[in-house]
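# Architecture and fold: a report
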Amino acid sequence: MSFTHLLFDLDGTLIDSKRGIFNSVYHTIDKMGIPESMRPANLNPFIGPPLRDSFKLLFNFSDSDAELATTIYREYYGKTGLYEYDIYEGVAKSINYLTSCGFNLSVVTSKAEVYAKLIVESLPFGECFTTISGCELNGTRSNKDELIEYTLNRLNIMPSVKIVMIGDRYHDIRGAKAVGISSAAVLYGYGSKTELLNESPTLIINTPEQLTIFDKVQ
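For clarity, every value in this text was computed on a predicted model and none was experimentally measured. (Residues numbered from 1 in each chain as written. Predicted model: local features only at pLDDT ≥ 70, side-chain atom pairs only at ≥ 80, totals over all residues. Heavy atoms only, no water.)

### A few points about the side chain of Thr13
- Tracing the backbone shows Thr13 in the loop between strand S1 (5-8) and strand S2 (15-16).
- Classification of Thr13 by relative accessible area gives buried; the value is 0%.
- When sequence neighbours within four positions are dropped, the list of residues in contact with Thr13 reads Phe8, Tyr88, Val91, Ile166, Gly167, Asp168, Val186 and Tyr188. (Helix = DSSP H or I, 4+ residues; strand = E, 2+ residues; numbered from the N terminus. Buried < 20%, exposed > 50% of the residue type's maximum accessible area, 1.4 Å probe, protein only. Contact = heavy atoms within 4.5 Å.)

### Considerations on the environment of Ser62
- Structurally, the position occupied by Ser62 is in the loop between helix H2 (51-59) and helix H3 (63-77).
- Residue Ser62 is classed as partly exposed on the basis of its relative accessible area of 34%.
- Taking the C-alpha atoms as reference points, Ser62 and Glu121, 59 residues apart in sequence, are found 34 Å from one another.
- Polar side-chain contacts of Ser62 include one of 3.1 Å to the side chain of Ser64. (Polar contact = N/O pair within 3.5 Å; in protein donor to acceptor, adjacent residues only side chain to side chain.)

### Looking at the sheet that holds strand S7 (residues 182-186)
- Strands sit in the order S5-S4-S1-S6-S7-S8 across an open sheet of 6 strands; the sheet is parallel. The sheet is open, and its two edges are formed by strand S5 (129-135) and strand S8 (203-205), each paired on a single side. Within the sheet, the average angular offset between the axes of one strand and its neighbour, ignoring direction, is 25°.
- Where S1 meets strand S4 (residues 104-112), 4 bridges bridge the pair, whose relative direction is parallel. Of the residues in S4, the one forming a bridge with Leu7 is Ser106.
- Running at roughly 145° to S5, helix H6 (residues 144-155) makes contact with S1, S4, S5 and strand S6 (163-167) of the sheet. (Pairing = 2+ DSSP bridges. Axes fitted to C-alpha atoms, helices over the stretch in contact; angles between N-to-C directions.)

### Here we look at unusual backbone geometry
- Positive phi is not limited to glycine here, since Arg141 has a value of about 65°.
- Mapped onto the elements, Arg141 comes out in the loop between S5 and H6.

### So, the pattern of salt bridges
- Tallying each qualifying case throughout the model produces 15 salt bridges.
- Asp172 serves as the salt-bridge partner of Lys144, at 2.3 Å between the closest nitrogen and oxygen. Taken together, the positions of Lys144 in helix H6 and Asp172 in helix H7 (residues 170-179) put the pair 28 residues apart, joining distant regions of the chain. With respect to class, Lys144 is no different from Asp172; both count as buried. (Salt bridge = Lys/Arg side-chain N within 4 Å of Asp/Glu carboxyl O.)

### Concerning the side chain of Thr131
- When you line up the elements, Thr131 lands in strand S5.
- For Thr131, a relative accessible area of 7% corresponds to the buried category.
- In this structure, Thr131 is in contact with Leu105, Ser106, Val107, Thr151, Arg154 and Leu155, ignoring residues within four places of it in sequence.

Spelled out as structure tokens, the structure:
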């Protein structure tokens, strides 16, 4: 089997966005007056999943409070936080290589599309991606299966095992399976090895350098 289209998650797969995301969360909980006793030590659940879901999960927010938190979060993120990221070492070389091999590359992220586009455009290899898909600011189209279907429609292609979703969290793998495409779990991001292996992805990617494996899988 040879792949034709590669769909990349953004946070935890192409970039380490922890600084910007965490700073935006701190801005939010400071503004909302969340006491220290209610602030979890681990904010990693904010990296990858839909933003509103993470606020509900970590702070037990109601729908209305999660909506308010999301608005406040974006006050910081939309101006500063989205540019506070680091590119994983080895990713740029792999992406450029895959482009030279003729693969069609897209970004598929639960992040708001308007922000995803700004981030990808700021990447030194951003021009390698033909499509950048994310959710609407109101949270519409935030599930990974919806985002994958949205991307395939934009590319005017049908689901196929020759298309692969590449990401670091369980929802990337589940989304791929729900739509009927292949999946690749990257182990250098934010998802644990156990979390990802439990989803039985098509492929395992241990390092950014190993992203070039798609040229070798037949």
